[in-house]
Amino acid sequence: MQAIRVLLVDDQPMIRTGFRLILESEPDIDVVGEAADGEEAVASAAALAPDIVLMDIRMPGVDGVEATRRIVGSGSPSRVVILTTFDLDAHVVDALRAGASGFLVKDGPADSLVGAIRTVAEGDAVLSPRITHRLLDRFAHLAAPEEAPVPRRLDALTGRELDVLRALARGLSNAEIALDLGVGETTVKTHIAHILDNYGLRDRVQAVILAYDSGLVVPRGGR
């Protein structure tokens, strides 16, 4: 099996060294390069074509959010996982909108870092439980009345696909969505795949952004 190629981006050499030691102890992960700032990260991502870019969010000059925006905007297949010690809502949302496929806090356990890289490499998305909780507390106390019209932007989706998209925006896993809707987990995966394909989305994080941006779901008091 081909190893997952990872680019490490952080302005602190000791942080990069620590992550390298963790990741290179895994047989299926290969650290192919390092970058000390966002500008270097964009250039390295283009030159090395890593599967995953592990990106610090706060760096001098070009920060992780802007670097993510440039990498994703270039059409690169590399997926970005943001690392931060500051799990602030504004930074979370900015990076998700920029195209990040996930978030982790730097002080999390090593196995969560390794697991996140494998998850994102398989095409899924990941958020640390702490950031997910903060994000949903702030933005996903949803009030989407059943009588509200379906946004025109989403009229390509079936009723069941809209139900799945609402559930994604609530932070539910595939298994939880299946239980909530009374369908099989394979069916849920099929619906999610159709949503992503219809709107050219990279992963379920971008589907959640679509749900908010379209007005299908809104923060409590937002409608």
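The rules behind each value
Each residue is numbered by its place in its chain's sequence as written, counting from 1. Per-residue local features of the predicted model are confined to residues with pLDDT of at least 70, and side-chain atom pairs are confined, for both listing and counting, to 80 or more; whole-chain, interface and lining totals are unaffected and use all residues. Excluding hydrogens and water, the side-chain values take into account all heavy atoms of the structure. Put simply, DSSP marks the helices as runs of H or I at least four residues long and the strands as runs of E at least two long, and each gets a number from the N terminus on. Throughout this description, buried means an accessible area under 20% of the type-specific maximum (1.4 Å probe, protein chains only), exposed means over 50%, and partly exposed covers the range between. Here, residues are in contact when the closest pair of their heavy atoms is within 4.5 Å. Accessible areas in this description were obtained via Shrake-Rupley with a 1.4 Å probe; residue shielding takes into account the shown protein chains only. Here, strands pair whenever DSSP counts at least two bridges between them. Seen with the strands pointing away from the viewer, any crossover whose path from the first strand over the helix to the second strand runs clockwise is right-handed. Axes, fitted as lines to C-alpha atoms, cover a helix only where it is in contact. Angles between the N-to-C directions of the axes lie from 0 to 180 degrees. Here is the rule for angles: anything less than 35 degrees is roughly parallel, anything more than 145 is roughly antiparallel, 65 through 115 is roughly perpendicular, and the remaining ranges are oblique. When residues are sorted by character, Ala, Val, Leu, Ile, Met, Phe, Trp, Tyr, Cys and Pro go into the nonpolar class, Asp, Glu, Lys and Arg into the charged class, and all the rest, Gly among them, into the polar class. To define a nonpolar core, start from buried Ala, Val, Leu, Ile, Met, Phe, Trp, Tyr and Cys residues and group those joined through side-chain atoms within 4.5 Å. Any pair of N or O atoms that falls within 3.5 Å is considered a polar contact. Within protein, one atom must be able to donate a hydrogen and the other to accept it, and sequence-neighbouring residues count only if both atoms are side-chain atoms.

Colleague: When you look at the overall build of the protein in this model, what are you seeing that I'm missing?
Modeller: Along the protein, the regular secondary structure elements total ten helices and six strands. Per-residue burial over the protein gives 47% buried out of 223 residues. Long-range pairs, those at least 24 residues apart, make up 68% of the contacts in the protein with a sequence separation of at least 6. Total accessible area computed for the protein in this model is approximately 10,800 Å², and 52% of it derives from carbon and sulfur atoms.

Colleague: Sorry, what's going on with the pairing of strand 3 (residues 52-56) here?
Modeller: Moving residue by residue along a regular strand, the side chains alternate between the two faces of the sheet. Burial analysis of strand 3 places five of its five residues in the buried class, which makes it a mostly covered element. Of the two faces of strand 3, the one holding I52, L54 and D56 and the one holding V53 and M55 are both buried throughout. Two elements, strand 1 (residues 4-9) and strand 3, share four bridges in a ladder whose sense is parallel. Within strand 3, the residue paired with L7 across the bridge is V53. When strand 3 meets strand 4 (residues 79-84), the two strands line up parallel, connected through five bridges. Within strand 4, the position partnered with M55 by the bridge is I82. Taking the sense of rotation as the criterion, the β-α-β connection linking strand 3, helix 3 (residues 64-73) and strand 4 turns out right-handed.

Colleague: How should I be thinking about the packing of helix 8 (residues 174-181) against helix 9 (residues 185-199) in this particular structure?
Modeller: When two helices pack together, their arrangement is given by the angle between the helix axes and the distance between those axes. As a packed pair, helix 8 and helix 9 sit with axes 8 Å apart at the nearest point and diverge in direction by 110 degrees. The orientation of helix 8 with respect to helix 9, classified from their angle, is roughly perpendicular. The residues of helix 9 that touch helix 8, namely those facing N174, A175, I177 and A178, are E185, V188, K189 and I192. Here the residues of the contact of helix 8 with helix 9 sort into five nonpolar, one polar and two charged.

Colleague: Which parts of the structure should I look at to understand the nonpolar core?
Modeller: Soluble globular proteins: nonpolar side chains tend toward being buried together. If you look at the biggest cluster of nonpolar residues, it comprises 24 residues, and the most contacted ones within it are L154, V164, L165, L168 and I177. For this core, the element with the highest residue contribution is helix 7 (residues 159-169), accounting for six residues. The residues contacting I177, other than those within four sequence positions of it, are V164, A167, L168, L172, V188 and R204. With 23 residues, the next largest nonpolar core counts M55, M59, V65 and F103 among its residues.

Colleague: I keep staring at the side chain of N174 and nothing clicks. Help me out?
Modeller: As for its placement among the helices and strands, N174 is situated in helix 8. Using a relative accessible area of 13% as the deciding quantity, one classes N174 as buried. Of the polar contacts made by the side chain of N174, one reaches the side chain of R204; its length is 2.8 Å. If we ignore the near neighbours within four places in the chain, the residues touching N174 are E185, V188, K189, I192 and R204.

Colleague: Is there a simple way to think about the side chain of H191 in this case?
Modeller: Counting through the fold element by element, H191 comes out in helix 9. Relative accessible area serves as the criterion here: at 15%, H191 is assigned to the buried category. When near neighbours in sequence (up to four residues on either side) are disregarded, H191 contacts R160, E161 and V164.

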